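# Structure assessment
Listed below are the residues making up each chain.
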2 protein chains.
Amino acid sequence: MLPGVGVFGTGSTARVLVPLLKAEGFEVHALWGRSEEEAGCLAKELGIPFHTSRSDDVLLHQDVDLVCIYIPPSMTRQIAVKALGIGKNVVCEKAATAVDSFKMVTAARYYPQLLSIMGNTLRFLPAFVAMRQLLVEGYVGEMQVCDVRVYGPSLLDQSYGWTCEELMGGGGLHTVGSAIIDLLSYLTGARAQRVHGLLRTFVQQNGLIRGIRRVTSDDFCFFQMLMGGTGSRSGGVCCTVTLNFNMPGSFVHEVMVVGSTGRLVARGTELYGQRNGSNGEELLLGDSGWVGPELKEMPLPHLRGLSSMVKALRESFQAHEERRSWAQGPVAMAPTFEDGLYVQTVVEAVKRSSCSGEWECVEIMSEEPDPNHNLCEALQRNKN
Amino acid sequence: MLPGVGVFGTGSTARVLVPLLKAEGFEVHALWGRSEEEAGCLAKELGIPFHTSRSDDVLLHQDVDLVCIYIPPSMTRQIAVKALGIGKNVVCEKAATAVDSFKMVTAARYYPQLLSIMGNTLRFLPAFVAMRQLLVEGYVGEMQVCDVRVYGPSLLDQSYGWTCEELMGGGGLHTVGSAIIDLLSYLTGARAQRVHGLLRTFVQQNGLIRGIRRVTSDDFCFFQMLMGGTGSRSGGVCCTVTLNFNMPGSFVHEVMVVGSTGRLVARGTELYGQRNGSNGEELLLGDSGWVGPELKEMPLPHLRGLSSMVKALRESFQAHEERRSWAQGPVAMAPTFEDGLYVQTVVEAVKRSSCSGEWECVEIMSEEPDPNHNLCEALQRNKN
């Protein structure tokens, strides 16, 4: 039986998500927005019976068993951890920092019976599902290089907000790079050991953001990841990722994996391949045409990925009678909160590298840093 | 009046160059090859009256006024410097090291009345001539990012040789990267100040190179250049270059410049552009079809560039009565030996960066390093 859903967020993702949930048979009972007006407006538009600007009203709502959190990164941790504590299943977007991600991991570990997955949606895109399968089957032989390019228009909101602020989780690396970092670990079956990166904010002001305000989040980001891993399939793979959001009027989303005997390329939502020795590329998975909602703000790979994830959620919950129970199978490939922590750790290492100019190691947090650490040290020093 | 030409080399470039020279009205009088057989064979094939394996026989040949040097990098410096010393005009490929390049610069400075240009041919490709013109005219606004990708099949020769050896000037960075480094300084009007790079040799052995022999030259190279420069047109441009020669059956040659108000992309030999606010790309310069010789080993942009360079050489020499005199104008955009030294310096900085993992400064040699430097230091230390 499908669980009742509560949605956090009134942005473009939430706006797309609700119709997708409804199309799969989920009932969306409650919507949270930062202001009553925003929430009320979107709830009316999408036909959601209840709206609020108080998070507890959604979390404690008796018909809500699954909480979908698509809000600014800096607010995600608080809602996600609380939702799990109240016993709700959680699908959520990335948090703003590794510390926040670590707190989410701790909560998810504490409630293993609850569903807790990251809403990074590229893993569910059929092109990437097929790509991973072909990589496992050895289509490209030994993997050597992954090369990813995402080009598009500015990611900034119309008005000044978190998308402009690096520390609030804005910028191409955090917003789009996160999904790519997750995807590459899914495709290669390995994780980044060392990273090197370069971030730039070419457009610091525009017609809407001016005066004393400046954009601090990156609109160009380039990074490399050296993947580790025990299997011969993945050890030593070099990943290069170029993100450029100063290209209005275009959208390029290309993920290429080159190996010893061939290569696979996903362009947008289509998958192409070429084996060494063959004369040209073959289309391995076409796009049969998208019939769902379309959004200028959300590129098709993300939109389709989101749609496939919602389908997987439906299958997962449908498998059980009890509306809060779910089956592992259909969502087994979804990124966990642990994956979310890994991604956030890589993002922060790339940012460090951009400052230091050096290769930075990716070291996953294993315990929460003590917020009083510096204070304690100072006291300690005084005592001696 | 056109000068008589002597050609050094029996490789793929020499094989293409001779027909191009003849087509423009040059007479090719002499051909040098490493062995009498190689030289004799190609001379017969191309209808060149004289061939030899002794370099002086070409350099001192009385009908040769222009020497074209397309031989392995480690031998280039010696021939080029000697040719200038004998009073011949020189077009040549890159040398193997910055020290060699510096010696060539010294010779070129000593004989300013002689023509001395690098045979890096991408500058002459009409698509790049048009691209530079549009950049100067402000098509893209303030330049931000250059993104270059060259993908293709292996650069290794059929048998073991200099192409396999990093120290001999083999590898993607040295062979193809050089031309890209030169092109980017031509397009941006700036030079790299700091570089970061990563080189890999994924295929160390193959069916022909085995046993104790290993390939040491790179088949994958990725580097970034931060450009300096005084003009606002070029300061702070980030260049990213990806070279991958593990992709048999494909050839991608894409050079993109993104700026504040638009972008330009050269794909192969065609130029496309898109201004911010417009709906799609416009074709700015098509390819009217290539009617010259075709070669598997030489991609079309290089082939066409070479052809345009030969045309420019013809115009340059035609302007004067005396067959050794030439006009600056038609070859003004050609890379000088000074440009060659700059390119070689960047190549070596990228290699250093790949070892150190750090950003490396590009510092152009201003005096020849003393080969006895270490010895002198040791003596000095002993004395004290």
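Because the structure is predicted, anything quoted here is derived from the model rather than measured. (Residues numbered from 1 in each chain as written. Chains lettered and ligands numbered in written order. Predicted model: local features only at pLDDT ≥ 70, side-chain atom pairs only at ≥ 80, totals over all residues. Heavy atoms only, no water.)

## Side note on the overall build of chain A
- When you go through chain A residue by residue, the secondary structure sums to 10 helices and 15 strands.
- Its C-alpha atoms give chain A a radius of gyration of 21 Å, near enough to 21 Å, the size a compact globule of 384 residues would have.
- Across chain A, contacts joining residues at least 24 apart in sequence account for 68% of those joining residues at least 6 apart.
- When the accessible area of chain A is evaluated, it comes to approximately 16000 Å², of which 50% is carbon and sulfur surface.
- Measuring between centres, the 34 positive side-chain charges of chain A sit 2 Å from its 41 negative side-chain charges. (Helix = DSSP H or I, 4+ residues; strand = E, 2+ residues; numbered from the N terminus. Rg over C-alpha atoms; globule rule 2.2 N^0.38 Å. Contact = heavy atoms within 4.5 Å. Areas by Shrake-Rupley, 256 points an atom, 1.4 Å probe, with all protein chains shown as cover. Lys, Arg positive; Asp, Glu negative; His and termini not counted. Charge placed at Lys NZ, Arg CZ, Asp CG, Glu CD.)

## Side note on the packing of aromatic side chains
- Applying the stated criterion to the full structure yields seven aromatic pairs over all chains.
- Ring centres 4.8 Å apart and planes at 5° place the aromatic pair Phe222(A) and Phe222(B) in the stacked group. With Phe222(A) in strand β9 (residues 220-227) and Phe222(B) in strand β9 (residues 220-227), this pair bridges two chains.
- The interplanar angle of 55° and the centroid separation of 6.0 Å between the aromatic rings of Phe202(B) and Phe220(B) together place this pair among those described as tilted. Taken together, the positions of Phe202(B) in the loop between β8 (192-200) and β9 and Phe220(B) in strand β9 put the pair 18 residues apart, joining distant regions of the chain.
- For Phe202(B), a relative accessible area of 23% gives the class partly exposed.
- Residue Phe220(B) is classed as buried on the basis of its relative accessible area of 0%.
- The lysine or arginine in question, Arg267(B), covers the ring of Tyr272(B), its NZ or CZ lying 5.1 Å from the ring centre. (Phe/Tyr/Trp six-rings, centres within 6.5 Å; stacked < 30°, edge-to-face > 60°. Buried < 20%, exposed > 50% of the residue type's maximum accessible area, 1.4 Å probe, protein only. Lys NZ or Arg CZ within 6 Å of the ring centre and 35° of its normal.)

## Some thoughts on the pairing of strand β7 (residues 143-151) of chain B
All names here are of chain B.
- Burial of β7 is extensive: nine of the nine residues sit out of reach of the surface.
- Direction of pairing for β7 relative to strand β11 (residues 252-259): antiparallel, over a ladder of eight bridges. Residue pairing in the sheet places Asp-147 in a bridge with Met-256 of β11.
- Taken together, the seven bridges between β7 and strand β10 (residues 238-244) define a ladder with parallel strand orientation. Within the sheet, the bridge partner assigned to Val-148 lies in β10 and is Val-241. (Pairing = 2+ DSSP bridges.)

## Notes on the sheet that holds strand β2 (residues 27-32) of chain A
All names here are of chain A.
- If you trace the six strands from one edge of the open sheet to the other, you get β3-β2-β1-β4-β5-β6, paired in parallel fashion. Two strands close off the open sheet at either side, each with one partner strand: β3 (50-52) and β6 (116-118). Neighbour to neighbour, the strand axes of the sheet diverge by 20° on average, direction disregarded.
- Across the sheet, helix α4 (residues 73-86) touches β1 (4-8), β2, β4 (66-69), β5 (89-92) and β6, and the angle it forms with β5 is around 165°. (Axes fitted to C-alpha atoms, helices over the stretch in contact; angles between N-to-C directions.)

## A word on the relation of the copies chain B and chain A
- Laying chain B over chain A is done by rotating through 180° and shifting 0.0 Å along the axis; what remains is an RMSD of 0.0 Å. Put plainly, the chains are arranged around a two-fold axis. Within chain B, the C-alpha atom positioned nearest to the axis of rotation is that of Glu358(B), 2.7 Å from it. (Least-squares fit on C-alpha atoms with pLDDT ≥ 70 in both.)

## Observations concerning the packing of helix α5 (residues 98-110) of chain B against helix α9 (residues 337-356) of chain B
Residues and elements named next belong to chain B.
- At their nearest, the axes of α5 and α9 sit 8 Å apart, and the two run at 170° to each other. Judged by the inter-axis angle, α5 sits roughly antiparallel to α9. In terms of crossing hand, the pair formed by α5 and α9 is left-handed. Every residue of α9 that contacts α5 at Ala-98, Ser-101, Phe-102, Met-104, Val-105, Ala-108 and Arg-109 is listed here: Phe-337, Glu-338, Gly-340, Leu-341, Gln-344, Thr-345 and Glu-348.
- Among the residues forming the contact of α5 with α9, the class breakdown is seven nonpolar, four polar and three charged. (Parallel < 35°, antiparallel > 145°, perpendicular 65-115°, else oblique. Left-handed = near helix turned anticlockwise from the far one by under 90°. Nonpolar A, V, L, I, M, F, W, Y, C, P; charged D, E, K, R; others polar.)

## Here we look at the interface of chain B and chain A
- Each partner contributes to the interface: chain B provides 36 residues, whereas chain A provides 36 residues.
- For the pair chain B and chain A, the summed buried surface comes to about 2900 Å²; carbon and sulfur atoms form 58% of the total.
- On the chain B side of the interface with chain A, the three residues burying the most area are Gln144(B), Phe202(B) and Arg263(B), jointly 16% of the side's total.
- Among the ionic pairs, Arg149(B) bridges to Glu254(A), the shortest N-O distance being 3.1 Å.
- The interface formed by chain B and chain A contains 16 residue pairs in polar contact (both at pLDDT 80 or more).
- Of all the secondary-structure elements, those providing two or more residues to the side of chain B that touches chain A are β7, β8, β9, β10 and β11 of chain B.
- In terms of residues, the side of chain B that touches chain A owes the most to one element, β7(B), which gives five residues.
- The class makeup of the residues in the side of chain B that touches chain A is 14 nonpolar, 16 polar and six charged. (Buried area = accessible area lost by both parts, 1.4 Å probe. Salt bridge = Lys/Arg side-chain N within 4 Å of Asp/Glu carboxyl O. Polar contact = N/O pair within 3.5 Å; in protein donor to acceptor, adjacent residues only side chain to side chain.)

## Quick notes on the pattern of salt bridges
- Enumeration over the complete set of coordinates arrives at 38 salt bridges over all chains.
- Between Arg267(A) and Glu254(A) there is a salt bridge, with the nearest N and O atoms lying 3.7 Å from each other. You can see Arg267(A) sitting in strand β12 (residues 262-267) and its partner Glu254(A) sitting in strand β11 (residues 252-259), a full 13 residues away along the chain.
- A single network of salt bridges, built from pairs that share partners, joins Arg149(A), Glu254(A), Arg267(A), Glu281(A), Arg149(B), Glu254(B), Arg267(B) and Glu281(B).

## A short note on the sheet that holds strand β3 (residues 50-52) of chain B
Residue and element names in this part refer to chain B.
- Across the sheet, six strands lie side by side as β3-β2-β1-β4-β5-β6; this open sheet has parallel pairing. At either margin of the open sheet sits one strand with a lone partner, and together these are β3 and β6 (116-118). Across the sheet, the mean angle from the axis of one strand to that of its neighbour is 20°, orientation sign disregarded.
- Pairing between strand β1 (residues 4-8) and strand β2 (residues 27-32): five bridges, direction parallel. Within β2, the position partnered with Gly-6 by the bridge is Ala-30.
- In the packing of α9 onto the sheet, contacts are made with β5 (89-92) and β6, and the angle to β6 comes to roughly 35°.

## Structural notes on the confidence of the model for chain A
- Residues with a pLDDT of 70 or more make up 92% of chain A, whose mean pLDDT is 90.
- For this predicted complex, the interface score ipTM comes out at 0.85, while the overall pTM is 0.89. (pLDDT = per-residue confidence, 0-100.)

## Focus: the side chain of Gln224(B)
- Along the chain, Gln224(B) falls in strand β9.
- For Gln224(B), a relative accessible area of 1% gives the class buried.
- For Gln224(B), the residues in contact, after removing those within four places along its chain, are His196(A), Leu198(A), Phe222(A), Gln224(A), Arg194(B), Val195(B), His196(B), Cys239(B), Thr240(B) and Trp359(B).

## What to know about the pairing of β4(A)
Residues and elements named next belong to chain A.
- Residue alternation in β4 divides its side chains into two sets, Leu-66 and Cys-68 and Val-67 and Ile-69, and both sets are buried.
- With four bridges connecting them, β1 and β4 associate as parallel partners. Along β4, the bridge assignment pairs Gly-6 with Val-67.
- Across four bridges, the pairing between β4 and β5 is parallel. The partner of Leu-66 across the bridge, within β5, is Asn-89.
- You can see the chain leave β4, run along α4 and come back into β5, and the turn it takes is right-handed. (Right-handed = clockwise from strand over helix to strand, strands pointing away.)

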